[in-house]
Amino acid sequence: MTSKWTVRKLSDIAVISPRESLPKGTLAKKVPMDKLAPFCRDIPDYIFEEYHGGAKFRNGDTIMARITPCLENGKIAKVGVLDKGEIGFGSTEYLVFRAIEGISDSDYLYYLICSPIVHFPAIKSMVGSSGRQRVQKDVVANLEIQVPPIEEQRRIGALLKYFDDRIQLNTAINNNLVA
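The text that follows walks through the structure, step by step, so that each part is easy to find. Please read all numbers here as calculations on a predicted model, not as lab measurements. (Residues numbered from 1 in each chain as written. Predicted model: local features only at pLDDT ≥ 70, side-chain atom pairs only at ≥ 80, totals over all residues. Heavy atoms only, no water.)

### A short note on the pattern of salt bridges
Filter applied, for reference: Take a side-chain nitrogen of Lys or Arg and a carboxyl oxygen of Asp or Glu: if they are within 4 Å of each other, that pair is a salt bridge. Helix and strand assignments come from DSSP, with helices taken as H or I runs of at least 4 residues and strands as E runs of at least 2, each series counted from the N terminus. For every residue, the accessible area (1.4 Å probe, protein chains only) is compared with the maximum for its type, and the residue is labelled buried under 20%, exposed over 50%, or partly exposed between those bounds.
Scanning the model with the defined rule gives 13 salt bridges in all. A salt bridge links K30 to E49, with the nearest nitrogen and oxygen atoms 3.1 Å apart. One end of the pair, K30, is in strand β3 (residues 27-31); the other, E49, is in strand β4 (residues 47-50), and 19 residues separate them in sequence. Assessed through its relative accessible area of 32%, E49 is described here as partly exposed. Residue D165 is joined to R41 by a salt bridge in which the shortest nitrogen-to-oxygen separation is 2.6 Å.

### Comments concerning the side chain of K29
Keep this limit in mind: Polar contacts, as used here, are pairs of N or O atoms within 3.5 Å; protein pairs need one atom able to donate a hydrogen and one able to accept it. Residues neighboring in sequence count only if both atoms are side-chain atoms.
Take K29: it is sitting in strand β3. For K29, a relative accessible area of 5% corresponds to the buried category. Within the structure, K29 has its side chain in polar contact with the backbone oxygen of V81 (distance 2.9 Å). In terms of polar contacts, K29 uses its side chain to reach the side chain of E86, at 3.3 Å.

### Focus: the pairing of strand β10 (residues 144-147)
Residues in a regular strand project their side chains so that they alternate between the two faces of the sheet. Quick reminder of the rule: Strands were regarded as paired on the criterion that DSSP finds at least two bridges between them.
Only one face of β10 is buried, namely the one carrying I145 and V147, since none of E144 and Q146 on the opposite face is buried. As judged from the four bridges shared by strand β1 (residues 6-9) and β10, these two strands associate in the antiparallel manner. Bridging across to β10, R8 finds its partner in I145.

### A look at the layout of surface pockets
Convention followed: Definitions used for this entry: grid spacing 1 Å over protein atoms alone; cavity, a set of points where a 1.4 Å probe fits but cannot get out; pocket, an open set with protein on both sides within 12 Å along at least 5 of 7 lines; lining residue, one with an atom within 4 Å of a point. Grid points are joined across faces, edges and corners, and a volume is the space filled by probe spheres set on the points. Only Asp, Glu, Lys and Arg are considered charged, only Ala, Val, Leu, Ile, Met, Phe, Trp, Tyr, Cys and Pro nonpolar, and every remaining residue, Gly among them, polar.
Estimated volume of the largest pocket: approximately 310 Å³. Taken together, F39, C40, R41, D42, G74, I76, Y110, C114, D164, I167, Q168 and T171 make up the lining of the largest pocket. Looking at the lining of the largest pocket element by element, the count peaks at four residues for helix α5 (residues 150-178). Residues of the lining of the largest pocket, tallied by class, amount to six nonpolar, three polar and three charged. Reported here for the second largest pocket is a volume of approximately 160 Å³.

So far we have only geometry, and geometry alone does not tell us how the molecule works.
Here you go:
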């Protein structure tokens, strides 16, 4: 089967740092950087805290650390800890990626952001003083990437999600055997 993959900018298939409304002082779920597990899709934990600033996101969004060494350590996750319609927040040091309805699939987008196609150029784009370097949002937004049609994205995303789900299940089984 041949498909028509097209070269597109990342900003053409994802809303980067989407705008959300969360009034200051609102008690909400917060995902601090230290709660993200390296190279782990799911967010293992969160806290409740009053919102006073930071990146805002919804379920289905991908959050990526944009500061050193967190990005190099693989702190990228797909948000799934919120209730329907709920807005969460986290560090100002997150870039948030949201799939665009009919153009991109949220699972595919998560795996794309984790892949060397996005991850490595993001790391290379870091600027700033030693130990406090950050990803340049514009560099990531303008990355040109070969993208499959939406149906193929859905199939790829679903397959990779299936493998991650199986790994998570096997890890839980192994942890129960050890306990």
